[in-house]
Amino acid sequence: MRRFLILQLRPEADASDAEYKAFLEKSGLDASRAHRIRLEREALPRGLEPADYAGVIVGGGPGCVSDAPGEKTAEHARIEAAVMSLMPRITQRDLPFLGCCYGIGILGRHLNAAVGKGLYAEPVSVADCTLTEAGRSDPLLAGLPSRFDAFVGHKEALEELPPGCAHLVAAPGCPFQMVRHGRNVYATQFHPEADADVFEERIRIYRHHGYFPPDTASDLIEMCRAADVHAPELILRNFVERYG
């Protein structure tokens with residue numbers, strides 16, 4: 001059986017390891033079937049071909065594709081270029097792809113859609129997500145209720161539906177929570193790998209990284225503990241079962 005390629009870009013080792021663990025646990029994927037690459041510390045292997053994998057999963061991170069070139073750190077620019085280098089082959093060949101949070105910005109930028117910080121950024125919170133008509137019949141959303149909660153926290157977002165994309169999931173504060181390009185290329189604005197424990201840990205790690213005022217961390221952790229966020233992980237499981 002072919003492996004899945006998991007691309008990560010979180011510079012904090014504890015956050016990266018926790019995200020990777022969540023991807024495996026929520027998807028049901030065994031580590032032996034995952035090729036993990038931490039792009040913040042290593043380049044894509046020369047000659048890497050996304051078609052050689054069962055699917056590609058991209059995690060979240062601090063970079064923003066909407067930042068002007070002069071505002072990007074060298075690390076963020078290098079990571080963005082690495083992921084973007086795969087997107088023409090992925091979309092042209094309609095290869096299985098699931099971009100989580102950062103990945104929706106990558107897909108939007110690749111498809112020349114507007115991605116920005118002015119309209120739909122969301123604080124660290126729970127989004128009230130709703131399946132669209134297209135979402136109700138999409139195989140990756142099989143088993144999810146028509147409404148579900150999901151953890152979000154992002155500085156930029158899609159400001160329009162990219163060309164060639166179906167709109168699958170919406171929410172009041174950020175309309176484009178999940179989209180699909182072609183038949184097999186998906187991206188979410190929310191974090192499908194995050195349950196309350198995962199997001200609580202992430203809040204502790206990112207307390208001083210500008211995503212929220214540090215003195216609100218305790219309140220955000222209480223928000224996580226009170227939330228019932230389980231449905232989004234089915235997307236990861238469905239992705240692995242469908243393409244694995």
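To be clear, the structure that these remarks concern was listed above.
Quantities reported herein were computed from a predicted structural model and do not represent experimental measurements.

Draft legend 1. Structural detail: the packing of helix α1 (residues 13-27) against helix α7 (residues 233-243). The N-to-C vectors of α1 and α7 enclose an angle of 70°; their axes lie 7 Å apart at closest approach. Relative to α7, α1 is oriented roughly perpendicular. Contact with α1, carried on its side by Phe-23, Glu-25, Lys-26 and Ser-27, involves Glu-233, Leu-236, Arg-237 and Val-240 of α7 and no other residues of that element. Of the residues contributing to the contact of α1 with α7, the split by class is 3 nonpolar, 1 polar and 4 charged.

Draft legend 2. Looking closely at empty space enclosed by the protein. Here the structure, examined in full by the defined rule, presents 2 cavities of 30 Å³ or more. Volume-wise, the largest cavity comes out at about 300 Å³. Those elements that provide at least two residues to the lining of the largest cavity are α3 (102-110), β7 (147-154), β8 (157-158) and α5 (196-205). Of the residues contributing to the lining of the largest cavity, the split by class is 14 nonpolar, 8 polar and 4 charged.

Draft legend 3. View of the nonpolar core. Counting 33 residues, the largest nonpolar core has Phe-148, Val-169, Met-178 and Phe-190 as its most contacted members. Elements with a contribution of two residues or more to this core: β1 (4-8), α1, β4 (97-100), β6 (122-131), β7, β9 (165-170) and α7. In terms of residue count, the dominant contributor to this core is α7 (5 residues). Residues contacting Phe-190, with those up to four places away along its chain left out, are Cys-101, Cys-129, Phe-148, Ala-150, Phe-151, Val-152, Val-169, Gln-177, Met-178, Pro-232 and Ile-235. Leu-39, Ala-51, Val-58 and Ile-79 belong to the second-largest nonpolar core, a separate cluster that totals 32 residues.

Draft legend 4. Fine view of the environment of Gly-105. Note that Gly-105 resides in helix α3. For Gly-105, a relative accessible area of 5% corresponds to the buried category. Taking the C-alpha atoms as reference points, Gly-105 and Val-115, 10 residues apart in sequence, are found 6.4 Å from one another. When residues no more than four places from it in sequence are discounted, the contact partners of Gly-105 are Val-65 and Val-115.

Quick notes on the rules
- Along each chain, residues carry numbers from 1 onward, in the same order as the chain's sequence is written.
- For a predicted model such as this one, the threshold for reporting local features is a pLDDT of at least 70, and the threshold for listing and counting side-chain atom pairs is 80 or more; totals across whole chains, interfaces and linings nevertheless cover every residue.
- Side-chain measures were taken over the full set of non-hydrogen atoms in the model, leaving aside hydrogen atoms and water.
- Axes here mean lines fitted to C-alpha atoms, for a helix over just the part in contact, with angles spanning 0 to 180 degrees between N-to-C directions.
- Helix and strand assignments follow DSSP, with helices taken as H or I runs no shorter than four residues and strands as E runs no shorter than two, numbered in order from the N terminus.
- Just so you know how the angles are binned, under 35 degrees is roughly parallel, over 145 roughly antiparallel, 65 to 115 roughly perpendicular, and the rest oblique.
- Whether two residues are in contact is decided by their heavy atoms: any pair within 4.5 Å suffices.
- Any residue that is not Ala, Val, Leu, Ile, Met, Phe, Trp, Tyr, Cys, Pro, Asp, Glu, Lys or Arg is counted as polar, Gly included; the first ten are nonpolar and the last four charged.
- Two kinds of site are reported from a 1 Å grid over the protein atoms alone, namely cavities, where a 1.4 Å probe fits but cannot get out, and pockets, open sets with protein on both sides within 12 Å along at least five of seven lines, and residues are called lining when an atom falls within 4 Å of a point.
- Grid points are joined across faces, edges and corners, and a volume is the space filled by probe spheres set on the points.
- Side-chain atoms within 4.5 Å link the members of a nonpolar core, which is a set of buried Ala, Val, Leu, Ile, Met, Phe, Trp, Tyr and Cys residues.
- Relative accessibility under 20% of the residue-type maximum defines a buried residue, over 50% an exposed one, and the middle range a partly exposed one, all with a 1.4 Å probe and only protein chains included.

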